[in-house]
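Read off the chains here:
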Amino acid sequence: MKEINDIVKAYREAKGNGLKTALATVVKVDGSSYRQPGARMLVTEDGQLTGAISGGCLEGDALKKAVLAIHQKNNKLITYDTSNPDDVEFGVQLGCNGIVHILFEYIDENAAQNPISLLEKTTEGRNEAVVTTIFSLEKKNTQIGTIASIINQEVTLLNPNTISETELLNFSSQVFEAKKNVIRKASSNEILLQYIPPKTTLIIAGAGNDVKPLVETASILGWKIILADGRATHAQKKRFPKADDVLLATPEEIINKIEIDESNIFVLMTHNYNYDLALLKLIIHRPLKYIGLLGPKTKLDRMIEDMTSSGMVIGNEELNKLFGPVGLDIGAETSEEIAISVVAEIQAVLNQRKGLSLRDKKEKIHTDIVSN
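Here the structure is a predicted model, which means the values were calculated and not measured.

1. Considerations on the overall build of the chain
For the chain, the helix and strand inventory stands at 10 helices and 17 strands. On C-alpha atoms alone, the chain measures out to a radius of gyration of 23 Å, which is about the 21 Å that the 2.2 N^0.38 rule sets for 372 residues. For the C-alpha atoms alone, the extent of the chain along its principal axes is close to 70 × 45 × 40 Å. In the chain, which comprises 372 residues, the proportion classed as buried is 47%. Across the chain, every contact between residues at least 6 apart in sequence was considered, and the portion connecting residues at least 24 apart equals 60%. Summing over all exposed atoms, the chain offers an accessible surface of approximately 18,100 Å²; the carbon and sulfur share of this is 48%.

2. Thoughts on the sheet that holds strand β3 (residues 49–51)
The antiparallel open sheet is built from 5 strands, whose spatial order is β3-β2-β1-β5-β4. Two strands bound the open sheet, and with one partner strand each, they are β3 and β4 (76–81). Averaged over all neighbouring strand pairs, the angle between strand axes comes to 25°, with direction disregarded. As judged from the 6 bridges shared by β4 and strand β5 (residues 98–107), these two strands associate in the antiparallel manner. When the bridges of β5 are listed, Ile78 appears paired with Ile102. Along the sheet, helix α1 (residues 2–16) contacts β1 (21–31), β2 (40–44), β3 and β5; its crossing angle with β2, the most-contacted strand, is approximately 15°.

3. Things to note about the sheet that holds strand β14 (residues 264–268)
Strand order across the open sheet formed by 6 strands is β13-β12-β11-β14-β15-β16, with parallel pairing between neighbours. The open sheet has two free edges, formed respectively by β13 (245–248) and β16 (322–323), since each of these has just one partner strand. Pairing geometry for strand β11 (residues 201–205) and β14, over 5 bridges, is parallel. Each residue of the ladder has a partner; that of Ala205, found in β14, is Leu268. Contacting β11, β14 and β16, helix α10 (residues 335–350) crosses the sheet at an angle of about 145° to β14.

4. Some remarks on the packing of α1 against helix α3 (residues 115–122)
Close contact between α1 and α3 brings their axes to 9 Å; oriented N to C, the two are set at 130°. Classified by the interaxial angle, the pair formed by α1 and α3 is oblique. For the element pair α1 and α3, the recorded crossing hand is left-handed. For the pair α1 and α3, the contacting residues are Ile4, Ile7, Val8, Tyr11 and Arg12 in the first and Ile116, Leu119, Glu120 and Thr122 in the second. Its residues assigned to classes, the contact of α1 with α3 comprises 6 nonpolar, 1 polar and 2 charged.

5. What about the side chain of Glu345?
Mapped onto the elements, Glu345 comes out in helix α10. Buried and unpaired, Glu345 has Lys297 as its nearest opposite-charge partner, separated by 12 Å. Once residues lying within four places of it in the same chain are set aside, the contact partners of Glu345 are Tyr290, Phe323, Val326, Gly327 and Leu328.

6. What to know about the UniProt feature "domain: XdhC Rossmann" (unreviewed entry) in the chain
Mapped onto this numbering, the UniProt entry annotates "domain: XdhC Rossmann" (unreviewed entry) at residues 202–346. Along residues 202–346 one finds 39% helix and 17% strand; the C-alpha atoms at either end are 10 Å apart.

7. Comments concerning the pattern of salt bridges
Throughout the structure, instances matching the rule amount to 16 salt bridges. Here Asp306 makes a salt bridge to Arg302, at a shortest N to O gap of 4.0 Å. Placement of both Asp306 and Arg302 in helix α8 (residues 297–309) is noted, with a separation of 4 residues, approximately one turn of the helix. Here the salt bridges share partners, and the residues they tie into one network are Arg126, Glu259 and Asp261.

8. Notes on the environment of Val349
Here Val349 shows up in helix α10. As for Val349 and Tyr290, which are separated by 59 residues in sequence, their C-alpha atoms are 7.4 Å apart. Apart from the residues lying within four places of it in its own chain, the contact partners of Val349 are Lys289, Tyr290 and Phe323.

Calculation criteria
Residues numbered from 1 in each chain as written. Predicted model: local features only at pLDDT ≥ 70, side-chain atom pairs only at ≥ 80, totals over all residues. Heavy atoms only, no water. Helix = DSSP H or I, 4+ residues; strand = E, 2+ residues; numbered from the N terminus. Rg over C-alpha atoms; globule rule 2.2 N^0.38 Å. Buried < 20%, exposed > 50% of the residue type's maximum accessible area, 1.4 Å probe, protein only. Contact = heavy atoms within 4.5 Å. Areas by Shrake-Rupley, 256 points an atom, 1.4 Å probe, with all protein chains shown as cover. Pairing = 2+ DSSP bridges. Axes fitted to C-alpha atoms, helices over the stretch in contact; angles between N-to-C directions. Parallel < 35°, antiparallel > 145°, perpendicular 65-115°, else oblique. Left-handed = near helix turned anticlockwise from the far one by under 90°. Nonpolar A, V, L, I, M, F, W, Y, C, P; charged D, E, K, R; others polar. Lys, Arg positive; Asp, Glu negative; His and termini not counted. Salt bridge = Lys/Arg side-chain N within 4 Å of Asp/Glu carboxyl O. UniProt positions renumbered as here; feature names shortened; annotations may be inferred.

Structure (structure tokens):
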């Protein structure tokens with residue numbers, strides 16, 4: 001989501017400065033690649049890059065291809081074959097052992113709707129979305145490009161002659177259910193249906209000094225950050241400039257002021273047992289994937305005992321969303337180290353991963369895109 005936000009912002013700035021742009025999108029990968037389908041990069045005619053389509057090895061040649069697409073005002077599909085280590089066709093030695101197909105799209109800033117406006121729609125509100133890009137590996141064919149977005153069963157389609165809304169809704173239903181990208185084949189074309197989750201909102205109960213590194217780390221990922229604390233001396237926006245909102249609030253007031261759904265992540269770190277317990281009671285049965293609690297395991301055990309003794313039902317569903325002590329086991333001691341371990345654990349939970357060392361992973365790092 002952050003990459004899309006950055007691209008939308010860069011496009012606005014480029015348009016304001018009178019610069020033409022092109023959008024580069026990884027649409028398909030065969031074998032291994034640093035970035036997967038759906039990775040995007042905006043290129044301006046004066047060579048500014050926002051986003052990434054590789055670890056940096058393709059960007060130089062991609063810049064040339066993007067500028068060519070701008071000057072010719074059409075879309076181009078370029079294939080980078082890195083499976084042969086002796087292949088120096090593009091002047092790069094990638095070593096990824098894969099084939100990467102990248103679509104370059106000229107962005108018509110005068111059009112009422114264009115691929116960037118479709119991406120922008122996905123950043124509005126708190127809804128999951130699917131962005132559809134049609135391409136063909138037969139380079140003689142017309143490269144249609146990023147053509148539609150689907151949000152809340154509402155389809156925004158740039159050209160109805162390319163694909164019907166009914167087809168898009170049928171295709172996207174599989175994506176929303178799996179919450180993963182899908183590639184569909186349609187005659188001589190292929191359709192990348194990119195799943196875009198709602199923006200993660202991190203809600204931190206606590207505004208002590210140890211919260212500052214957590215705010216800084218989460219902001220790098222582009223998460224929305226809300227802080228809440230009952231102490232007027234601590235809950236001040238000037239202390240947390242990268243937080244989106246800082247609330248002076250009781251646990252009850254937090255719940256009343258924040259819309260809570262599955263895109264919310266809670267971390268309780270006020271160092272006030274009663275405050276954290278009161279908030280935990282209010283959120284434990286909400287549809288959350290992650291509630292982190294700073295402190296030892298004995299603190300979490302005591303909280304669970306206090307909740308059950310008060311008549312609350314705490315089953316496996318509730319226990320599975322509780323992470324206390326919070327964070328991955330990386331030997332963290334300082335608040336900065338703890339922040340890294342907490343954000344890494346949250347990222348793993350959001351992506352349904354276990355937080356293993358990649359060295360010890362038996363499967364491929366990236367899950368294969370469903371293609372049918």
